[in-house]
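# Residue-level structural notes
What follows is each chain in one-letter form.
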Amino acid sequence: MDAFDGLLRSALLTTAAVALPVLAVAAAVGTAVAVVQAATQVQEQTLTLLPKILAVGAMAAAFGAAAMQLFAALFERALGAVAAVTGGS
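Summarised in this report is the structure supplied together with it. Here the structure is a predicted model, which is why all the values come from computation and not from measurement.

### As for the overall build of the protein
From N to C terminus, the protein includes three helices and zero strands. Going residue by residue from the N terminus, the α and β elements of the protein occur as α-α-α. Over its C-alpha atoms the protein spans a radius of gyration of 19 Å, topping by over 25% the 12 Å that the globule rule assigns to 89 residues. Projected onto the principal axes, the alpha-carbon positions of the protein cover approximately 65 × 25 × 15 Å. Counting every position in the protein, which comprises 89 residues, the buried fraction comes to 12%. Per element, the accessible surface of the protein, about 6,400 Å² overall, is 73% carbon and sulfur.

Next up, the structure:
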C-alpha cells in the first residue's frame, strides 16, 4: 500500500506542477482584462476569452516539452511500481 500512496502523491504533485502555472497565468490575464474592461466600460465577451486562450496557448507552447518530460517520468515510475502496487513479486 505504501507504493500506491507514493505513486498517488507523485501523480498529484506532477499534475499540480504542470497545471498551476498555466492556471496562474490565465487568472492574471483574466484579471488584467477585467480591469481594462472596467476602466473603459467595454463589456464584450470575446475580449475576455481571446487573451486567455492566447496566454494559455503560449504557456503550452513554451513549457509543453518540460511538462511532457514530467509526465513521462511519472509514467516510468508507475510502470516500475506495478508489481509493488498489485502485490506481485
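### Some remarks on the packing of helix α1 (residues 2-40) against helix α2 (residues 45-80)
When two helices pack together, their arrangement is given by the angle between the helix axes and by the axis-to-axis distance. Between α1 and α2, the shortest axis-to-axis distance is 10 Å and the interhelical angle comes to 170°. In terms of axis orientation, α1 runs roughly antiparallel to α2. Class assignment for the residues of the contact of α1 with α2 results in 19 nonpolar, five polar and two charged.

### Digging into the environment of V25
Mapped onto the secondary structure, V25 falls in helix α1. Looking at V25, the relative accessible area reads 27%, which means it is partly exposed. With 41 residues separating them along the chain, V25 and A66 place their C-alpha atoms 17 Å apart.

### Quick notes on unusual backbone geometry
Working note: non-glycine residues mostly have negative phi, and peptide bonds are mostly trans. Of note in this structure, Q41 is not a glycine but carries a positive phi near 60°. Topologically, Q41 is positioned in the loop between α1 and α2.

### Some details on a nonpolar patch on the surface
Judged by side-chain polarity, M1, F4, L8, L12 and V85 come together as a nonpolar surface patch covering roughly 520 Å² of accessible area. Ranked by residues supplied to the nonpolar patch, first place goes to α1 with three residues. In this structure, L12 sits in helix α1.

### A look at the environment of R77
Tracing the chain through its elements places R77 in helix α2. Filtering out sequence-adjacent residues up to four positions away, R77 remains in contact with L7, S10 and T14.

### With respect to α2
Its maximal kink placed at F63, α2 deviates by approximately 60°. For α2, the complete set of buried residues consists of A55, M59, A67 and L74. For α2, the secondary structure elements touched by its buried residues are α1.

Parameters at a glance
Residues numbered from 1 in each chain as written. Predicted model: local features only at pLDDT ≥ 70, side-chain atom pairs only at ≥ 80, totals over all residues. Heavy atoms only, no water. Helix = DSSP H or I, 4+ residues; strand = E, 2+ residues; numbered from the N terminus. Rg over C-alpha atoms; globule rule 2.2 N^0.38 Å. Buried < 20%, exposed > 50% of the residue type's maximum accessible area, 1.4 Å probe, protein only. Areas by Shrake-Rupley, 256 points an atom, 1.4 Å probe, with all protein chains shown as cover. Axes fitted to C-alpha atoms, helices over the stretch in contact; angles between N-to-C directions. Parallel < 35°, antiparallel > 145°, perpendicular 65-115°, else oblique. Nonpolar A, V, L, I, M, F, W, Y, C, P; charged D, E, K, R; others polar. Patch = residues over 30% accessible without salt bridge, like charges linked within 9 Å, V, L, I, M, F, W, Y side chains within 5 Å. Salt bridge = Lys/Arg side-chain N within 4 Å of Asp/Glu carboxyl O. Contact = heavy atoms within 4.5 Å. Bend = angle between axes of the 7 residues up to and from the residue.

By themselves these figures say nothing about function.
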